[in-house]
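# Structural description and commentary
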Amino acid sequence: MSAFFHVQRIHKVYGNPITSHRSMPTMPEDLILDRHVRQPSAGTPGVALARTSHVGAPPDMPEGRLELCYQPQLHLSSGRVVAVEALARWRHPRRGLLTPDRFLPAIVACGQMREFTTRVLSECFRCLDTLRDRGYGHMAVAINVSWDWIVDYGNIEEAISLVYEAGHSPDKIIIEITENARLIKNEQAIRNLDRLRNRGFTISLDDFGSGYNAIEHLRYMPLDEIKIDRSLAYRSSEDERGRQILQCLVEMIHMLGHEVTIEGISRKDDLILATHLRADTAQGNFIAHAMPVDRLLSWLDARNHGG
């Protein structure tokens, strides 16, 4: 298919941004880590959290419960939603909905990070169950993990065991390595990533271009996908130098044999540019906001039926 055809499809399908979620209230600004993702309030009519969207906390964890919201990822050449990224939030009984910067330090401090990641994985498996039952069995779920999680061989073995116990294929799980901290080259971590890839997991480097030693990561990490950070995509369609930088990155990543996802798609022009640059997938609020699994299913159904 030509880029022109894809642009025409974008104009037809995305003539206006998705608006079904705009009635949802936003959380107070100091509780939002990613200010581009609006989170639904538990008290909003019609936005009751699905049974599979949260779990209680074990005794050693902070008071409250885990909740996951999922943001769709659009495959640009086919126009299909092929994956969702799981975004973790913590529902505190008094402080409301907390983003990772507000609750992860407490979980790390009590030594429960491994257990927390296992719970997120378990919820992702339940999301895959729900998607499969609704006819979206082709979709994958991306989970964010830290470099420290990758370094620990026990985490890798547990993830492999859990995915098979849950009855899912590993290719339905995308392991996203966050780049918000220095990723020190570690031979054990490289072996662990190779093991995950050999078992069928997809390995993705998140936030590319925003963190430390970004280019160096490409020299030694066994990767399948690289997600270009929203800061590089922001208004690049209006900035010639920004567009050229983005184009160079996409071409370089493709030359290395990796797929490219452009994050932070907030306007139609951003989506058109991502298509012209031949990125593989795109993610951002212009396509859809992050949402609980029940709202995700409604959004997918409406999109597939032209709603």
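Throughout what follows, the structure given in this document is the object of discussion.

Scoring rules and cut-offs
Residues numbered from 1 in each chain as written. Predicted model: local features only at pLDDT ≥ 70, side-chain atom pairs only at ≥ 80, totals over all residues. Heavy atoms only, no water. Helix = DSSP H or I, 4+ residues; strand = E, 2+ residues; numbered from the N terminus. Buried < 20%, exposed > 50% of the residue type's maximum accessible area, 1.4 Å probe, protein only. Contact = heavy atoms within 4.5 Å. Areas by Shrake-Rupley, 256 points an atom, 1.4 Å probe, with all protein chains shown as cover. Disulfide = S-S within 2.5 Å. Salt bridge = Lys/Arg side-chain N within 4 Å of Asp/Glu carboxyl O. Phe/Tyr/Trp six-rings, centres within 6.5 Å; stacked < 30°, edge-to-face > 60°. Core = buried A, V, L, I, M, F, W, Y, C linked by side-chain atoms within 4.5 Å. Axes fitted to C-alpha atoms, helices over the stretch in contact; angles between N-to-C directions. Parallel < 35°, antiparallel > 145°, perpendicular 65-115°, else oblique. Pairing = 2+ DSSP bridges.

Along its length, the chain carries 11 helices and 10 strands. Across the 307 residues that make up the chain, the buried fraction comes to 51%. If you take every contact in the chain between residues at least 6 apart in sequence, the share linking residues at least 24 apart comes to 69%. For the chain, the accessible area works out to roughly 14,000 Å², and carbon and sulfur atoms hold 49% of it.

Of note, Asp 207 is a non-glycine position whose phi angle comes to about 55°, a positive value. Checked against the element boundaries, Asp 207 lands in strand S7 (residues 202-208). The class for Asp 207 is buried, based on a relative accessible area of 17%. Phi at Arg 278 is positive, roughly 65°, even though this residue is not glycine. Mapped onto the elements of the fold, Arg 278 is located in the loop between helix H10 (268-276) and strand S10 (281-282).

Attention shifts here to the state of the cysteines. Under the definition given, this model contains 0 disulfides. Of all cysteine sulfurs in the structure, the one in Cys 124 sits closest to Cys 127, which takes part in no disulfide; the separation is 6.8 Å.

Moving on, we get to the pattern of salt bridges. Inspection of the entire model under this criterion finds 15 salt bridges. The residue Glu 85 makes a salt bridge to Lys 227 at a minimum N-O spacing of 3.0 Å. On the criterion of sequence distance, the pair formed by Glu 85 in strand S3 (residues 81-92) and Lys 227 in strand S8 (residues 225-228) is long-range, its members being 142 residues apart. Judged by relative accessible area, Glu 85 falls into the buried class, the value being 5%. Given the relative accessible area of 0%, Lys 227 is considered buried. Here Arg 197 ties to Asp 224 by a salt bridge, and the two come within 2.9 Å at their closest N and O atoms. Within this pair, whereas Arg 197 is found in helix H6 (residues 187-199), its partner Asp 224 is found in the loop between helix H7 (214-220) and S8, the two being separated by 27 residues in sequence. Shared partners join several salt bridges into a network, and the residues in it are Glu 85, Glu 176, Lys 227 and Glu 263.

Enumeration over the complete set of coordinates arrives at 3 aromatic pairs. Note on Trp 90 and Phe 103: the rings are 5.8 Å apart at their centroids and 35° apart in plane angle, and the pair reads as tilted. With Trp 90 in strand S3 and Phe 103 in helix H2 (residues 100-109), this pair connects stretches of sequence that are 13 residues apart. For the pair formed by Trp 90 and Phe 103, the shared burial category is buried. Judged by centre distance (6.4 Å) and plane angle (45°), the rings of Trp 90 and Phe 116 are tilted. Here the residue Trp 90 occupies a position in strand S3, and Phe 116 occupies one in helix H3 (residues 113-133), the gap between them amounting to 26 residues. Judged by its relative accessible area of 2%, Trp 90 is buried. Classification of Phe 116 as buried rests on a relative accessible area of 5%. Pairwise contacts between aromatic rings join Trp 90, Phe 103 and Phe 116 into one cluster.

Ranked by size, the top nonpolar core spans 75 residues in total, and within it Ile 150 and Ile 262 carry the most contacts. Among the elements that line this core, the one with the most residues is H3, at 8 residues.

What follows covers the packing of helix H5 (residues 153-165) against H6. Their axes nearest at 9 Å, the elements H5 and H6 cross at an angle of 10°. Here H6 runs roughly parallel to H5, going by the angle between their axes. Residues Tyr 153, Ile 156, Glu 157, Ile 160 and Tyr 164 of H5 form the contact with H6, whose participating residues are Gln 188, Asn 192, Arg 195, Leu 196 and Arg 199.

Buried residues dominate strand S5 (residues 140-145), accounting for 5 of its 6 residues. In terms of strand pairing, S3 meets S5 through 3 bridges, oriented parallel. The residue bridging Ala 83 from the neighbouring strand is Ala 140, located in S5. The pairing of S5 with strand S6 (residues 173-177) spans 5 bridges and is classified as parallel. Within S6, the residue paired with Asn 144 across the bridge is Glu 176.

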